[in-house]
Amino acid sequence: MRLSRLQKHILEKCYNYKSSWPTDFYDFYGEKTKSRKLVQDIIHKSLDSLVDKDLLSASGKKTARKWFIHKVKLTNLGRKLAIRIIKNKQCRLPIK
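Summary of the structure given here. Remember, predicted model here, so these are calculated numbers, not experimental data.

Right, let's talk about a positive patch on the surface for a bit. Residues K18, K71, K73 and R79 make up a contiguous surface patch of positive charge. Within the secondary structure, K71 sits in strand β2 (residues 67-74). Under the relative-accessibility criterion, K71 is labelled partly exposed at 32%.

Structure (structure tokens):
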């Protein structure tokens, strides 16, 4: 399963904390020139795709046109994938 860097960041952050707000993921972009609205849209789309892949479960409000996500939590499949991502990031020390 292919995941973007933002989606991997979201899974790692959700693994470290029990549940997260969507605003917790804004630090991925830092102080770049992107507008706040653009960052919100990108993060919302990434959260939606992770929910569709059953890696996250989201709670929020659904209106006739849009789904507003308030909190996200990892599912069992998402937890296993987050552990694999974290293990791949850690490099082994060259022991001789």
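Additional details are given in the paragraphs that follow.
In this section: the packing of aromatic side chains. On inspection of all chains with the given rule, the structure shows one aromatic pair. Plain terms: the ring middles of F28 and Y29 are 5.2 Å apart, the flat faces sit at 85° to each other, and that makes the pair edge-to-face. A residue is classified by how much of its surface remains accessible, and F28, at 24% relative accessible area, is partly exposed.

As paired strands, strand β1 (residues 56-62) and β2 are joined by seven bridges and run antiparallel to one another. Of the residues in β2, the one forming a bridge with G60 is I69.

Moving on: the pattern of salt bridges. Where charged atoms from two side chains of opposite charge approach closely, those side chains can pair. For the coordinates displayed, the defined rule picks out three salt bridges. Here D27 and K13 are joined by a salt bridge, their closest N and O atoms 2.7 Å apart. Within this pair, whereas D27 is found in the loop between α1 (5-16) and α2 (36-52), its partner K13 is found in helix α1, the two being separated by 14 residues in sequence. What makes K13 buried here is its relative accessible area of 17%.

Calculation notes
Residues numbered from 1 in each chain as written. Predicted model: local features only at pLDDT ≥ 70, side-chain atom pairs only at ≥ 80, totals over all residues. Heavy atoms only, no water. Patch = residues over 30% accessible without salt bridge, like charges linked within 9 Å, V, L, I, M, F, W, Y side chains within 5 Å. Areas by Shrake-Rupley, 256 points an atom, 1.4 Å probe, with all protein chains shown as cover. Salt bridge = Lys/Arg side-chain N within 4 Å of Asp/Glu carboxyl O. Lys, Arg positive; Asp, Glu negative; His and termini not counted. Charge placed at Lys NZ, Arg CZ, Asp CG, Glu CD. Helix = DSSP H or I, 4+ residues; strand = E, 2+ residues; numbered from the N terminus. Buried < 20%, exposed > 50% of the residue type's maximum accessible area, 1.4 Å probe, protein only. Phe/Tyr/Trp six-rings, centres within 6.5 Å; stacked < 30°, edge-to-face > 60°. Pairing = 2+ DSSP bridges.

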